[in-house]
Amino acid sequence: SLVTGTVLAIIGILQFAAGVRLLSGRCPTLNTLYLSLSVLWGSLGAGKILEGLDVFSPDARKDALLPGYAVFLFLTLFLGIAATRECTLVSWICFLLSFSMVMEIVALFYPAGRWGAACYQALPVLLGLYYVMGWTVHYCTSNNVNLPGMRKERPDTGNEGEGNLKNDVLAFGYAMNVIPTCVLALLFVGATGAVNQAALWMALAGLAQLLVSILSFRREDVFHGAVFSLTSTLWLGLTYGFLSALWKNVDLVPRPPFLASSILVLIFLIFFLLSFTQTIADAVFNLCSTLFVLSLPTTGLNSTYLGVASILLLLISLYCTFALTLNSAFRRTLVPVGRSLLPEESLRGLFSRCRCARQGYESLPSSLTAAGLSSSNNILGYSKYASADSLGFLSNAVTA
């Protein structure tokens, strides 16, 4: 287990490096696939290592693996559909990985299913070797020869369609939100018996959303950068509670762990109001997040309230992942996410109705007003990032 886990963890790191290298490229589906596979192989590798160290029990493999396999079944299926627009070969690899996830789930209940999983995982190996050979021929011939099924570069025409997103990592961020909600949803429906063994999925999903937050600020998307920072804080806090209970053999059902739940409810509620200036999908996502965080300190992990809130957040995260993946790949709106319900000017006018707020706003320097913040850039290293002052104040509120 230690050797296998180490190899899988190294593969996950390499996949992560490949995904980061392709950021802001012309193939967002392939980028999302690499980053998602880094979470898959990293979680499996870390689980194997902890199993070899006798931290995880081999008898609880179903509780540890079922949530991750279920999420990546749908995620690779979504990416396979989206990749039909960009690269046929990548599409086939995604579909085969999706079928292998089905067989892995079957193998958790019937060991004979491992043969089917092995067959479906061997085919992507052959297609991957063909993909490497195709790109080698492509570069050796100075881009004159393309093997069948290889991706063709699309020229940048400068005319971005409505579905061409400015922030191309949002699909990956919502996909990572599916993992922890699936862990809790499967516990609610009785498919798994505990959440402790699946804490590694939640940990890597939280770290992945932290990456999405940083990249969102780099793309001057302050709203989603702050939202994914908060969700990352939530999932990492829950992971710490689950792993602490696992190491100390503490039962989590009477009192589930939660991190500053009261202030997080208030913050998500504020972002729910602000999301009216974004899309309907953002508004529903933040509303479901508010309900989910509100359910954490009320009852135990087996409560109906927490289970329903987890399922609602799981469904909206799946829908946002599917919509943004397809819209980004096809460069137009195929799956609607809704338009903004409230213009920014109306929201600003709503807050400025209070006399003290209006006077305070007018007394601010121009660099701190909405117009100044929207156009300001901070230099961090060699890159420009949007102002993250709001995230700094929110993080301070959570800490306090």
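Scroll up to find the structure this text is about.
This write-up is about the structure you can find in this document. Just so you know, these numbers come straight off a predicted model, no measurement behind them.

Another aspect to go through is the overall build of the protein chain. Looking only at helices and strands, the protein chain features 15 helices and 2 strands. Here the protein chain holds 400 residues, and 50% of them are scored as buried. A fraction of 73% describes how many contacts in the protein chain between residues 6 or more apart in sequence connect residues 24 or more apart. Roughly 19,400 Å² of accessible area belongs to the protein chain as shown, and the carbon and sulfur atoms make up 66% of that amount.

Once that is clear, we can look at unusual backbone geometry. A positive phi angle is found at Glu220, which is not glycine, with a value near 60°. Secondary-structure assignment places Glu220 in the loop between α7 (199–218) and α8 (222–248). The backbone of Arg331 shows a phi angle near 60°, a positive value even though the residue is not glycine. Among the secondary structure elements, Arg331 is positioned in the loop between α11 (304–330) and α12 (344–351).

Counting 100 residues, the largest nonpolar core has Tyr131, Met176 and Phe292 as the members making the most contacts within it. Of the residues forming this core, the biggest block, 14 residues, is contributed by helix α6 (residues 170–189).

To continue, consider the packing of α6 against α11. Packing of α6 against α11 brings their axes to within 8 Å, and their N-to-C directions diverge by 150°. As summarised for this structure, α6 and α11 are arranged roughly antiparallel, according to the angle between their axes. Regarding α6 and α11, the two cross each other, and that crossing is left-handed. A breakdown of the residues in the contact of α6 with α11 according to their chemical character gives 17 nonpolar, 8 polar and no charged.

As a further point, take a nonpolar patch on the surface. Among the surface-exposed residues, Phe99, Tyr120, Leu123, Val125, Leu126 and Leu129 lie close enough to one another that they form a single nonpolar patch of about 580 Å² accessible area. Tracing the chain through its elements places Phe99 in helix α4 (residues 88–109). You can call Phe99 partly exposed: its relative accessible area is 41%.

Here we take up the layout of surface pockets. When its volume is computed, the second largest pocket comes out at roughly 840 Å³. Around the second largest pocket, the lining comprises 28 residues; the ones closest to its centre are Gln15, Tyr34, Leu37, Ile93 and Gly128. Looking at the lining of the second largest pocket, the elements that each hand over two or more residues are α1 (2–21), α2 (28–52), α4 and α5 (113–140). Broken down by element, the residue count for the lining of the second largest pocket peaks at 9 residues, all from α5. Its residues assigned to classes, the lining of the second largest pocket comprises 21 nonpolar, 4 polar and 3 charged.

The next point concerns the packing of aromatic side chains. Applying the stated criterion across every chain, the model contains 11 aromatic pairs. Each ring, one from Tyr174 and one from Phe285, has its centre 5.0 Å from the other, and the planes form 90°; the classification is edge-to-face. With Tyr174 in helix α6 and Phe285 in helix α10 (residues 280–295), the pair connects residues that are 111 residues apart, well separated along the chain. Take Tyr174: its relative accessible area is 2%, and that puts it in the buried class. Between Trp235 and Phe292 the ring centres are 5.4 Å apart and the planes differ by 55°, which places this aromatic pair in the tilted class. Residue Trp235 is located in helix α8, and its partner Phe292 is located in helix α10; the two are separated by 57 residues in the primary sequence.

The full count for this structure, using the stated rule, is 1 salt bridge. The salt bridge partner of Asp168 is Arg219, with a shortest N-O separation of 2.8 Å. Of this pair, Asp168 sits in the loop between α5 and α6 while Arg219 sits in the loop between α7 and α8, and the two are 51 residues apart along the sequence.

The full count for this structure, using the stated rule, is 2 cavities of 30 Å³ or more. In this structure, the largest cavity spans a volume of roughly 50 Å³. Counting residues per element, the ones that place at least two in the lining of the largest cavity are α2 and α11. Here the residues of the lining of the largest cavity sort into 4 nonpolar, 4 polar and 1 charged. If you add up the space inside the second largest cavity, you get close to 30 Å³. Lining the second largest cavity are Val71, Leu75, Phe78, Ala175, Val178, Leu318 and Thr321. At the level of elements, α3 (61–83), α6 and α11 are the ones that each hand at least two residues to the lining of the second largest cavity.

Let's shift gears to the environment of Ile214. Locating Ile214 in the fold gives a position in helix α7. Taking the C-alpha atoms as reference points, Ile214 and Ala226, 12 residues apart in sequence, are found 9.2 Å from one another.

Helix length check: α11 (27 residues) gives 39 Å between terminal C-alpha atoms against 39 Å at 1.5 Å per residue, within 8%. Of all 27 residues making up α11, 19 are buried, and the element is well covered by its neighbours. A positive backbone phi angle near 60° is found at Arg331, which sits one or two residues after α11.

Before going further, it helps to examine helix α15 (residues 389–399). Along α15, the residues that are buried comprise Leu391, Leu394 and Val398. Along α15, the residues classed as buried sweep out an arc of 65° about the axis, all on the same side. With respect to the buried face of α15, the exposed residues turned more than 90 degrees away are Phe393, Asn396 and Thr399.

Cut-offs used in this document
- Residues numbered from 1 in each chain as written.
- Predicted model: local features only at pLDDT ≥ 70, side-chain atom pairs only at ≥ 80, totals over all residues.
- Heavy atoms only, no water.
- Helix = DSSP H or I, 4+ residues; strand = E, 2+ residues; numbered from the N terminus.
- Buried < 20%, exposed > 50% of the residue type's maximum accessible area, 1.4 Å probe, protein only.
- Contact = heavy atoms within 4.5 Å.
- Areas by Shrake-Rupley, 256 points an atom, 1.4 Å probe, with all protein chains shown as cover.
- Core = buried A, V, L, I, M, F, W, Y, C linked by side-chain atoms within 4.5 Å.
- Axes fitted to C-alpha atoms, helices over the stretch in contact; angles between N-to-C directions.
- Parallel < 35°, antiparallel > 145°, perpendicular 65-115°, else oblique.
- Left-handed = near helix turned anticlockwise from the far one by under 90°.
- Nonpolar A, V, L, I, M, F, W, Y, C, P; charged D, E, K, R; others polar.
- Patch = residues over 30% accessible without salt bridge, like charges linked within 9 Å, V, L, I, M, F, W, Y side chains within 5 Å.
- Salt bridge = Lys/Arg side-chain N within 4 Å of Asp/Glu carboxyl O.
- 1 Å grid on protein atoms, 1.4 Å probe; cavity = no way out; pocket = protein on both sides within 12 Å on 5 of 7 lines; lining within 4 Å.
- Points joined across faces, edges and corners; volume = space filled by probe spheres on them.
- Phe/Tyr/Trp six-rings, centres within 6.5 Å; stacked < 30°, edge-to-face > 60°.
- Expected span 1.5 Å × (residues − 1).
- Arc of directions from axis to C-beta.

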